[in-house]
Each structure stands twice: as structure tokens, then as C-alpha cells.
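Observations on chain architecture
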Amino acid sequence: MVALSARQRLTYTVHLFKALTKKHHVDLIPFLQQHIKPDAVILDIGANAGNFTRIFSRLAPQGTVHAFEPGSYALSILKRVIALRGLKNVKLHTVGLSDKKMSLELHMPVKQSGSVGFGLAHIGDDRAVDPRETVSEQIPLDRLDDVAAAAKIERVDFIKIDVEGWELRALTGGEQLIACHHPIIMLEMVDRFLQRAGDSSAALFKFLHGHGYDIYRFDESGRTDFLEAPVVDGDIICIPQKV
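Read on for an overview of the structure. (Residues numbered from 1 in each chain as written. Predicted model: local features only at pLDDT ≥ 70, side-chain atom pairs only at ≥ 80, totals over all residues. Heavy atoms only, no water.)

1. Topic: the overall build of the chain
Across its full length, the chain carries nine helices and twelve strands. Its C-alpha atoms give the chain a radius of gyration of 17 Å, within 12% of the compact-globule value 18 Å for 243 residues. Principal-axis analysis of the C-alpha atoms gives the chain an extent of 55 × 40 × 35 Å. The buried share among the 243 residues of the chain stands at 53%. As presented, the chain carries roughly 11,700 Å² of accessible surface, and 52% of it is formed by carbon and sulfur atoms. Of the charged side chains in the chain, 29 are positive and 30 negative; the average position of the first set lies 8 Å away from that of the second. (Helix = DSSP H or I, 4+ residues; strand = E, 2+ residues; numbered from the N terminus. Rg over C-alpha atoms; globule rule 2.2 N^0.38 Å. Buried < 20%, exposed > 50% of the residue type's maximum accessible area, 1.4 Å probe, protein only. Areas by Shrake-Rupley, 256 points an atom, 1.4 Å probe, with all protein chains shown as cover. Lys, Arg positive; Asp, Glu negative; His and termini not counted. Charge placed at Lys NZ, Arg CZ, Asp CG, Glu CD.)

2. A short note on the pattern of salt bridges
Inspection of every chain in the model, using the stated rule, returns nine salt bridges. In this structure, Arg 143 and Asp 145 form a salt bridge, with 3.6 Å as the shortest nitrogen-oxygen distance. Residue classification places Asp 145 among the buried residues on the basis of a relative accessible area of 9%. Arg 143 is the partner of Asp 146 in a salt bridge, and the nearest nitrogen-oxygen pair spans 3.0 Å. (Salt bridge = Lys/Arg side-chain N within 4 Å of Asp/Glu carboxyl O.)

3. Let's talk about helix α4 (residues 72-84)
Taking 1.5 Å of rise per residue, 13 residues should cover 18 Å, and α4 covers 18 Å from first to last C-alpha, within 8% of that figure. Of the residues making up α4, those classed as buried are Ser 72, Tyr 73, Ala 74, Leu 75, Ser 76, Ile 77, Leu 78, Val 81 and Ile 82. One or two residues past the end of α4 sits Gly 86, with phi positive at roughly 65 degrees. (Expected span 1.5 Å × (residues − 1).)

4. A short note on the packing of aromatic side chains
Summed over the entire model, instances satisfying the criterion amount to six aromatic pairs. Taken together, Tyr 12, Tyr 73 and Phe 118 form an aromatic cluster joined through their ring pairs. The aromatic ring of Trp 166 is capped on one face by Arg 169, whose charged end is 5.0 Å from the ring centroid. (Phe/Tyr/Trp six-rings, centres within 6.5 Å; stacked < 30°, edge-to-face > 60°. Lys NZ or Arg CZ within 6 Å of the ring centre and 35° of its normal.)

5. Examining the sheet that holds strand β7 (residues 134-143)
The strands making up a sheet associate through backbone hydrogen bonding, with each pair oriented either parallel or antiparallel. The sheet built from four strands is open, its strands ordered β4-β7-β5-β6 with mixed pairing. The open sheet has two free edges, formed respectively by β4 (96-98) and β6 (122-123), since each of these has just one partner strand. Relative to β7, strand β5 (residues 102-109) is paired through eight bridges, and the arrangement is antiparallel. Paired with Met 102 across the strands is Leu 141, a residue of β7. (Pairing = 2+ DSSP bridges.)

6. Examining the environment of Gln 8
In this fold, Gln 8 is placed in helix α1 (residues 6-21). In the structure, Gln 8 is positioned 106 residues away from Gly 114 in sequence and 6.7 Å away in space, judged by C-alpha atoms.

7. A look at the side chain of His 122
Position of His 122 among the secondary structure elements: in strand β6. Judged by relative accessible area, which is 5%, His 122 ranks as buried. The contacts of His 122, once residues within four sequence positions are left out, are Glu 105, Leu 106, His 107, Pro 109, Glu 164 and Arg 196. (Contact = heavy atoms within 4.5 Å.)

8. Details of the packing of α1 against α4
Where α1 meets α4, the closest approach of the two axes is 10 Å, and the angle between their N-to-C directions is 35 degrees. Note on packing geometry: the crossing formed by α1 with α4 is right-handed. Taking contact as the criterion, the partners of Gln 8, Thr 11, Tyr 12, His 15, Leu 16, Ala 19 and Leu 20 in α1 are, on α4, Tyr 73, Ser 76, Ile 77, Arg 80, Val 81 and Leu 84. Grouping the constituent residues of the contact of α1 with α4 by class yields eight nonpolar, four polar and one charged. (Axes fitted to C-alpha atoms, helices over the stretch in contact; angles between N-to-C directions. Left-handed = near helix turned anticlockwise from the far one by under 90°. Nonpolar A, V, L, I, M, F, W, Y, C, P; charged D, E, K, R; others polar.)

9. Examining unusual backbone geometry
Phi is positive for Lys 152, which is not a glycine, with a value near 55 degrees. Inspection of the secondary structure assignment puts Lys 152 in the loop between α5 (144-150) and β8 (158-161). A positive phi angle, near 50 degrees, is found at Glu 164, a position not held by glycine. Overall, the relative accessible area of 7% leaves Glu 164 in the buried class.

10. Concerning the sheet that holds β8
Judged by pairing direction, the sheet is mixed, and its eight strands sit side by side in the order β3-β2-β1-β8-β9-β12-β10-β11 without closing on themselves. Edge positions in the sheet fall to β3 (90-93) and β11 (224-226), since each has one partner strand and no second. In this sheet, neighbouring strand axes are inclined to one another by 25 degrees on average, regardless of whether the strands run parallel or antiparallel. Of the strands in this sheet, β2 (64-68) and β3 touch α4, which is tilted by about 160 degrees from β3.

This is the structure:
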């Protein structure tokens with residue numbers, strides 16, 4: 001795992017305990033049930049500590065959850081969550097996703113308390129906006145289309161993606177999969193984060209529209225609003241248009 005200070009090693013134990021025991025995003029479960037069938041094949045891209053992985057595993061007991069997480073800190077927690085919670089329908093992929101195969105630095109900001117904000121781990125430099133110290137490591141990145149082919153992922157029904165600004169790069173690397181399967185896509189869209197990758201909310205919105213999706217903003221209660229134009233920040237769900 002990435003080198004940690006004594007303080008960071010201590011808070012790692014707290015992060016692990018919370019990941020194993022705390023229930024996250026429970027208000028969203030009825031909303032997700034509308035879009036995820038019991039036998040669904042789900043991609044959890046940016047699985048982090050497994051908060052959504054746990055929910056997806058439960059919602060699709062006859063399906064498969066492919067969890068993608070390249071960061072060693074989050075990955076160490078996620079592996080324990082999968083094992084100790086008995087998530088037998090989860091397959092773990094220890095790689096990040098992008099528009100091409102490469103290796104880049106992943107940065108975790110260090111909080112004022114000294115612990116790491118591993119939920120905000122990101123690729124790209126934004127120290128002009130966020131001057132905090134970071135803990136960094138090299139991570140492998142690959143194209144979703146290539147990973148899916150190698151892993152024989154022959155069906156995808158639902159994609160959740162939260163990769164702190166690398167969303168468009170990851171989706172671009174999976175264009176064939178998206179065009180073939182037209183999965184529902186749930187993601188976080190934050191323009192400032194997307195700018196770290198040289199992208200924008202407008203570019204992401206254009207990509208999704210171009211691939212035949214209607215786009216809705218949603219909140220933790222599951223309330224949705226149809227979007228005709230991109231928003232700067234927000235959680236969105238993308239539904240394939242009926243042919």
C-alpha cells in the first residue's frame with residue numbers, strides 16, 4: 001500500500017471499520033431498484049471502499065458486480081469488505097479506466113487532521129485550486145473495451161462511475177461496450193474535476209447525448225429532473241433512448 005504516516009495508518013483502521021459496518025446511500029436504494037434487475041451485470045467504476053458495491057451486490061443477487069479500483073489505499077479496504085461481507089457475486093478489477101492504456105499518478109489530498117481524503121483520490125493536478133498536500137502513487141489504467149474483452153464481460157446493464165473528473169476518459173475507452181449494450185449510466189458530473197483531465201461538463205454531456213442517452217439530474221431521495229443542457233455540478237443518471 002502507499003506509504004502512510006502513523007496518523008494515516010490509525011485512521012485507515014477507522015475507514016475500514018466504517019466501510020464494513022456503516023450503511024451508505026440507503027435513501028437511494030428504492031431509486032436504484034427501479035433500474036437494476038436481480039440478474040443485472042453492473043460495473044462499479046471507482047468502487048473506492050465499496051459503499052455502492054455492497055448495495056449493487058444485494059440488488060443483483062443473481063447477477064455480477066464488476067468493481068474497478070486502482071488506488072492501493074481504497075483497494076486494501078475494498079478487498080476486505082468483499083471478503084468479510086461475503087460479496088460472492090463481486091469481481092474485482094485492480095485497474096483504473098481511461099481512453100488508452102497507460103500509467104499515471106493518483107493523488108489523495110491530506111486533510112487538516114493529517115488523515116487522507118481517499119474518497120477524493122484523483123488523477124490530474126489542481127494545486128492552483130486546492131493547495132493541500134497529497135499522498136501520491138502510480139496506478140495502471142486501461143480501456144474498458146479491452147478489459148471487458150479480456151474478462152469476457154459479454155453483457156452490461158448498469159454502470160456507476162465516480163472517478164473525480166476522469167469520467168469522460170473512462171467512458172471514451174468503453175465506447176464499443178456502450179454502443180453494444182446501451183447500459184444505464186449513473187455518474188457524478190463536476191466541471192472543476194473534469195477540467196483536471198482537460199474535459200468539461202459540456203463535453204461529457206455531448207458525449208452522452210451523442211450515444212443516445214436522455215440525461216436526468218437526481219438527488220439522494222431519488223427525485224429526478226430532465227436535463228436539456230449540462231449542469232456544472234450534479235449526480236446524473238443517463239437512460240438510453242428507446243429506438
